[in-house]
Amino acid sequence: MKLCILISILGALTVRSINAQGCTGVTIVSRAGWGARSATSFSTIATPVSKVFIHHTEGGECGTATTCASQLRSIQNYHMNSNGWNDIGYSFLVGGDGQVYEGRGWNRQGAHTRGYNTNAIAISFVGNFMNKAPSQAMISAAQNLITCGISKGMVTSTYTLHGHRDANCTDCPGDNLYNLIKGWSRFQGKTGITFQC
């Protein structure tokens, strides 16, 4: 009986903390929750942003909170140690466990999409989605995150959705994921900036 009450209380606390963030249907793991390093510096961006870019990390996948946290720390180390960036490049990442992981967050300038780091957020799916599709849990998490961003005033309700390849010379977010997002609400495709590969 005591165990049932404890589980009930913990479940209620979890729901309240998620709802307190204004995010229905998505669990956002904080930077502290996945063991992020502190950014060496940061710049803020004006919100709400008008563009959302979808990426994939191209590396290994993760299926649990533990493996996703480890994978994110590796990505952050690569971005900071090898690329010389001040933090992990993405605003948010979606793990194979169906959770969203906070990267730079809603209002910090990213290092994700050349030409759009100051007026867009980037959501990166952890893994390589060239030849396979992400799970429905990952897709739902990303879509619910965008809805959350709109409700929090961080993303305009008239935002446009793009794949990384729509703005830069890359195959990101992978063929399978890109084909999926073409069917999402507000997908626009090419951004209008001309670039040559």
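Residues numbered from 1 in each chain as written. Predicted model: local features only at pLDDT ≥ 70, side-chain atom pairs only at ≥ 80, totals over all residues. Heavy atoms only, no water.

Draft legend 1. Spatial organisation of the pattern of salt bridges. Applying the stated rule across the entire model yields three salt bridges. We note a salt bridge from Asp87 to Arg31, for which the minimum N-O separation is 2.9 Å. Here Asp87, found in the loop between helix H3 (65-82) and strand E3 (92-94), pairs with Arg31, found in helix H2 (residues 31-34); they are 56 residues apart in sequence, far enough to count as distant. Like Asp87, the residue Arg31 is buried in the burial classification. (Salt bridge = Lys/Arg side-chain N within 4 Å of Asp/Glu carboxyl O. Helix = DSSP H or I, 4+ residues; strand = E, 2+ residues; numbered from the N terminus. Buried < 20%, exposed > 50% of the residue type's maximum accessible area, 1.4 Å probe, protein only.)

Draft legend 2. Up close: the layout of surface pockets. When its volume is computed, the largest pocket comes out at roughly 220 Å³. If you go around the largest pocket, the residues you meet are His55, His56, Thr57, Glu58, His79, Trp85, Tyr90, Ala111, His112, His164 and Cys172. In the lining of the largest pocket, the residues fall into four nonpolar, six polar and one charged. (1 Å grid on protein atoms, 1.4 Å probe; cavity = no way out; pocket = protein on both sides within 12 Å on 5 of 7 lines; lining within 4 Å. Points joined across faces, edges and corners; volume = space filled by probe spheres on them. Nonpolar A, V, L, I, M, F, W, Y, C, P; charged D, E, K, R; others polar.)

Draft legend 3. Inspection of the pairing of strand E5 (residues 120-125) at higher detail. By the criterion of burial, E5 is predominantly enclosed, with six of the six residues buried. Examined bridge by bridge, strand E2 (residues 49-56) and E5 share six bridges and lie parallel to one another. Counterpart to His56 in the pairing with E5 is Phe125. (Pairing = 2+ DSSP bridges.)

Draft legend 4. Here's a closer look at the state of the cysteines. What the rule picks out here adds up to two disulfides. Here Cys62 connects covalently by a disulfide to Cys68, the sulfurs 2.1 Å from one another. A torsion of 90 degrees about the S-S bond marks the disulfide between Cys62 and Cys68 as right-handed. Using a relative accessible area of 7% as the deciding quantity, one classes Cys62 as buried. Look at Cys68 and you get buried, because its relative accessible area is 0%. (Disulfide = S-S within 2.5 Å.)

Draft legend 5. Geometry of the sheet that holds E5. Taken together, the six strands give an open sheet; going across it, the order is E1-E4-E3-E5-E2-E6, and neighbouring strands pair in mixed fashion. The open sheet terminates on both sides in strands that have one partner only, identified here as strand E1 (28-29) and strand E6 (155-163). As paired elements, E3 and strand E4 (residues 100-102) share three bridges and run antiparallel to each other. Bridge pairing in E4 links Leu93 to Tyr101. Lying over the sheet, helix H4 (residues 136-151) contacts E1, E2, E3, E4, E5 and E6, oriented at roughly 145 degrees with respect to E6. (Contact = heavy atoms within 4.5 Å. Axes fitted to C-alpha atoms, helices over the stretch in contact; angles between N-to-C directions.)

Draft legend 6. Just the nonpolar core, in detail. Membership of the largest hydrophobic core comes to 30 residues, with the highest contact counts inside it found for Val52, Ile54, Ile123 and Trp184. Broken down by element, the residue count for this core peaks at seven residues, all from H4. When residues no more than four places from it in sequence are discounted, the contact partners of Val52 are Ile121, Ile123, Ile146, Val155, Tyr159, Thr160, Leu161 and His162. In this structure, Val29, Leu72, Tyr101 and Ala122 belong to the second largest nonpolar core, which totals 13 residues. (Core = buried A, V, L, I, M, F, W, Y, C linked by side-chain atoms within 4.5 Å.)

Draft legend 7. Region of interest: the side chain of His112. Turning to its location among the elements, His112 is positioned in the loop between E4 and E5. A distance of 2.9 Å separates a polar atom in the side chain of His112 from a polar atom in the side chain of Thr113. (Polar contact = N/O pair within 3.5 Å; in protein donor to acceptor, adjacent residues only side chain to side chain.)

Draft legend 8. Highlighting the packing of aromatic side chains. Using the criterion set out here, one finds four aromatic pairs in the structure. Ring geometry for Phe53 against Tyr116: centres 5.1 Å apart, planes inclined by 45 degrees, an arrangement best described as tilted. Of this pair, Phe53 sits in strand E2 while Tyr116 sits in the loop between E4 and E5, and the two are 63 residues apart along the sequence. By the burial criterion, Phe53 is buried, and Tyr116 matches it. (Phe/Tyr/Trp six-rings, centres within 6.5 Å; stacked < 30°, edge-to-face > 60°.)

Draft legend 9. Up close: the environment of Arg73. With respect to the element layout, Arg73 can be found in helix H3. Along the chain, Arg73 and Ala36 lie 37 residues apart, while their C-alpha atoms are 6.3 Å from each other. Each residue touching Arg73, except ones within four places of it in the same chain, is listed here: Trp34 and Gly35.

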